[in-house]
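In case you want the letters, here they are:
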Amino acid sequence: MEYALREAEQAYKRNEVPIGAVVILGNRIIGRGYNQIESLQDPTAHAEIIAITAAATYTGNRRLDQCTMYVTLEPCTMCAGAIVLARIPRLVFGACDPKAGACGTLYNIVNDARLNHRVETTSGALGERCGAILKDFFAKVRSGQAAKP
């Protein structure tokens, strides 16, 4: 999760919502990403999507069935769907997302029995630190010190 937090810090420095993600195969990071929605003007440029794309490119395979994803905030519906489609077997996230969380908070896409893949999910890993960077970022947005995302 430390590496995912480093990615979130990169987003923060670029005035993006500070969410970071890494995909691990064995003991190696094969995909990493941070939110780039504003800089790319792409609503799909979430940290998880960028990390999954990098990992699939690294392995040369769309199925990441030997990998673990670490992400600082509970994935949204789009990212949870991508995790399922990539067949990632394990997800670890930091802070829960009461407004858009799709891995147990609002929805549970990664463990929906109607889908053909389920994901072992662990929440709360470094949750306070993951939540703190988001709270700090949005406090700066509200105070006018950062552009609105």
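No experiment lies behind these values; they were computed from the predicted model shown.

J.: Lay out the packing of aromatic side chains in plain terms, naming residues and giving numbers.
T.: Two measures describe an aromatic ring pair: the distance that separates the ring centres and the angle between the ring planes. Counted according to the given criterion, the structure contains 2 aromatic pairs. Where Tyr 12 meets Phe 137, the ring centres are 5.9 Å apart and the plane angle is 70 degrees; that geometry is what we call edge-to-face. Taken together, the positions of Tyr 12 in helix H1 (residues 2-13) and Phe 137 in helix H5 (residues 127-143) put the pair 125 residues apart, joining distant regions of the chain. Residue Phe 137 is classed as buried on the basis of its relative accessible area of 2%. When the centroid spacing of 5.2 Å and the interplanar angle of 80 degrees are considered together, the rings of Phe 137 and Phe 138 count as edge-to-face. Site record: aromatic cluster; members linked through ring pairs are Tyr 12, Phe 137 and Phe 138.

J.: With reference to specific residues and values, describe the sheet that holds strand E2 (residues 28-34).
T.: Strand order in the open sheet formed by 5 strands is E2-E1-E3-E4-E5, and the pairing between neighbours is mixed. Of all the strands in the sheet, just E2 and strand E5 (120-123) have a single pairing partner and so form its edges. Direction aside, neighbouring strands of the sheet carry axes that sit 15 degrees apart on average. Alignment of strand E4 (residues 90-95) against E5, held across 4 bridges, turns out to be parallel. Counterpart to Leu 91 in the pairing with E5 is Thr 121. Of the strands in this sheet, strand E3 (67-73) and E4 are in contact with H5, which crosses E4 at around 60 degrees.

J.: Residues and numbers for the pairing of E3, please.
T.: E3 sits mainly inside the fold: 6 of its 7 residues count as buried. As paired elements, E3 and E4 share 5 bridges and run parallel to each other. Paired with Leu 73 across the bridge in E4 is Ala 95. With helix H4 (residues 77-85) bridging E3 and the parallel E4, this β-α-β connection has right-handed handedness.

J.: How would you summarise the side chain of His 117 if you had to cite specific residues and measurements?
T.: Secondary-structure assignment places His 117 in the loop between E4 and E5. A polar side-chain atom of His 117 sits 2.9 Å from the main-chain carbonyl oxygen of Ile 88.

J.: Could you give an account of the nonpolar core, naming the residues involved and the relevant values?
T.: Core analysis: the biggest nonpolar cluster contains 41 residues, and Ile 52, Met 69, Ile 83 and Leu 91 have the highest contact counts within it. Elements that contribute at least two residues to this core include exactly H1, strand E1 (20-25), helix H3 (47-59), E3, H4, E4 and H5. Apart from the residues within four sequence positions on either side, Ile 52 is in contact with Val 23, Leu 64, Met 69, Ala 82, Ile 83, Ala 86 and Ile 88.

J.: Could you give an account of the environment of Asn 108, with specific residues and numbers?
T.: Topologically, Asn 108 is positioned in the loop between E4 and E5. If we ignore the near neighbours within four places in the chain, the residues touching Asn 108 are Ala 102 and Cys 103.

J.: I'd like a rundown of the pattern of salt bridges, residues and numbers included.
T.: Inspection of every chain in the model, using the stated rule, returns 4 salt bridges. Notably, a salt bridge pairs Glu 120 with Arg 90, separated by 3.5 Å at the nearest N-O pair. Note that Glu 120 is positioned in strand E5 and Arg 90 in strand E4, a separation of 30 residues in sequence. Assessed through its relative accessible area of 28%, Arg 90 is described here as partly exposed. A salt bridge links Asp 112 to Arg 114; the nearest nitrogen and oxygen atoms lie 2.6 Å apart.

Reading the values: the criteria
- Residues numbered from 1 in each chain as written.
- Predicted model: local features only at pLDDT ≥ 70, side-chain atom pairs only at ≥ 80, totals over all residues.
- Heavy atoms only, no water.
- Phe/Tyr/Trp six-rings, centres within 6.5 Å; stacked < 30°, edge-to-face > 60°.
- Helix = DSSP H or I, 4+ residues; strand = E, 2+ residues; numbered from the N terminus.
- Buried < 20%, exposed > 50% of the residue type's maximum accessible area, 1.4 Å probe, protein only.
- Pairing = 2+ DSSP bridges.
- Axes fitted to C-alpha atoms, helices over the stretch in contact; angles between N-to-C directions.
- Contact = heavy atoms within 4.5 Å.
- Right-handed = clockwise from strand over helix to strand, strands pointing away.
- Polar contact = N/O pair within 3.5 Å; in protein donor to acceptor, adjacent residues only side chain to side chain.
- Core = buried A, V, L, I, M, F, W, Y, C linked by side-chain atoms within 4.5 Å.
- Salt bridge = Lys/Arg side-chain N within 4 Å of Asp/Glu carboxyl O.

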